[in-house]
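Residues per chain are reported as follows:
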Amino acid sequence: MTVLGLDSHPPVTHLVVRQEEDDEYVVGDLASGNFVVVPEVGARLVALFAAGRTVAEAADEVERETGEPVDALDFVEVLVEAGIIRVQEGPPPAPARPWSVSRIPARLVRPLFGRVAWTIYVGALLATLAMFVAEPSLLPTYEDTFIFPDVVLSLLITNVTVALLTVVHEAWHAFAGAAVGVRSQLRLERRGIFPVLETDLTGLWALPPERRYGPFLAGMAIDGILLFAAVAPRFAWSRGWLELPPGMVRFLAMVVFSQAVKLAFQTLAYLRTDMYLVMATATGCRNLHEVTRLSVKKWIRRLTPAERAVLRDAHARDLRVSRWYRLLYVAGVIWMVWFAIHFLLPGAKVTLGWAAGVLTGAPFGSAYWWEGIALAAFASLNILLPLGVIVRNRYRAGRLAT
């Protein structure tokens, strides 16, 4: 590794620098998605490095301008540790390949997020809520996931449909990012006990706050449209205005369940969902989730020295917002427990019970026996997938630390 010294020229020409507040600037690399908040003097140092000054020359110039000494070398080391500039010898690593749908020209997707489009998104959601109020029987229950008496077939159709709708949700995030010139990557992550697909739109933090809201809310917007598209035919059917085959009625009920749960999930800000990003942007917080988590954790158990340091050094705005945000955090944890008890556990009980009955009653190696194996494998995947994401993330964190 090449060590940057006082006579070195830090590689900063690829960096984005944007003023966040009067004395705060965001500095980062759009390709890697790494950003840090620096004071005005940090932004000035980056500008001098980009103009060809060495570390020592930039430090001297800033000292002449401000009358105060500055440790420019320490600032460069902060950028290196944050992964914003690279000092390794050899060619730079290839940037993560963006999701293909995020490379669509902005002019093609911008109409999907204009004033007319957002009016339609909001109108569809309000109309859906009105139909639920008028016909409460349309509200989803966990039984809606079992479309047919054949559990395996029901789970297959349900999970394929849910996966496709999830891709549509994430693609809408990517489209909205492309509309403002930000590319994204699709990755598998975990939120609490739930494995999730996630569109990485880190590059949005290089944009002004008002331009971030659309991409953050885009997934919920299309979910509202899809929910309306599933509720409206069932509402018309319930009123006798439309004839639908029984299988279609049950399929639409499953879609309603999927979309309603997905929208409810996105309101769980404590899981760093879409609404958390909206809230963090609106409040101007830097590390709200971690500050809130630690402020709640200290009610239950002693914090480690590193965790106490995070709270001690937290921005005043994060500490102020966390005083009321932690109430939402605790409420979200309670909701997740309630959801697990009323939806996940009943569904898992049906699936595992059916699998156990099949495996004990069917001849070994028969088609029916293999159906039981498929059910057991599916239930195990739902349990092990979040654990696998945890192990993967810890492994990656360990590699980055070495």
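Residues numbered from 1 in each chain as written. Predicted model: local features only at pLDDT ≥ 70, side-chain atom pairs only at ≥ 80, totals over all residues. Heavy atoms only, no water.

**A word on the layout of surface pockets**
Size it by volume and the second largest pocket reaches roughly 160 Å³. Around the second largest pocket, the lining residues are Pro140, Phe257, Ala260, Val261, Ala264, Trp335, Trp338, Phe339 and Phe343. Elements that contribute at least two residues to the lining of the second largest pocket include exactly α8 (246-266) and α12 (316-361). Here the lining of the second largest pocket is built from residues that sort into 9 nonpolar, no polar and no charged. (1 Å grid on protein atoms, 1.4 Å probe; cavity = no way out; pocket = protein on both sides within 12 Å on 5 of 7 lines; lining within 4 Å. Points joined across faces, edges and corners; volume = space filled by probe spheres on them. Helix = DSSP H or I, 4+ residues; strand = E, 2+ residues; numbered from the N terminus. Nonpolar A, V, L, I, M, F, W, Y, C, P; charged D, E, K, R; others polar.)

**Focus: the packing of helix α6 (residues 151-179) against helix α7 (residues 213-238)**
Between α6 and α7, the least distance of the axes is 8 Å, while the angle of their chain directions is 140°. As judged from the angle between their axes, α6 and α7 are oblique. Crossing handedness for the pair α6 and α7: right-handed. Listed contacts from α7 to Leu165, Val168, His169, Trp172, His173, Ala176 and Gly177 of α6 are Gly214, Pro215, Phe216, Ala218, Gly219, Met220, Ile222, Asp223 and Leu226. A per-class count over the contact of α6 with α7 returns 10 nonpolar, 5 polar and 1 charged. (Axes fitted to C-alpha atoms, helices over the stretch in contact; angles between N-to-C directions. Parallel < 35°, antiparallel > 145°, perpendicular 65-115°, else oblique. Left-handed = near helix turned anticlockwise from the far one by under 90°. Contact = heavy atoms within 4.5 Å.)

**A closer look at the side chain of Ser258**
Here Ser258 shows up in helix α8. With relative accessibility at 8%, the residue Ser258 sits in the buried group. (Buried < 20%, exposed > 50% of the residue type's maximum accessible area, 1.4 Å probe, protein only.)

**Here we look at the side chain of Thr292**
Looking at the secondary structure, you find Thr292 in helix α10 (residues 288-300). Excluding residues that lie within four positions of it along the chain, Thr292 makes contacts with Ser322, Tyr325, Arg326 and Tyr329.

**Points about the packing of α6 against α8**
Packed helix pairs are characterised by how far apart their axes lie and by the angle those axes make with each other. Running from amino to carboxyl end, α6 crosses α8 at an angle of 45°, the nearest separation of the two axes being 10 Å. What the angle tells us is that α6 and α8 run oblique. Handedness of the crossing formed by α6 with α8: right-handed. For the pair formed by α6 and α8, the contact residues are Ile157, Thr158, Thr161, Val162, Leu165, Thr166 and His169 on the first element and Phe251, Met254, Val255, Ser258, Gln259, Lys262 and Gln266 on the second.

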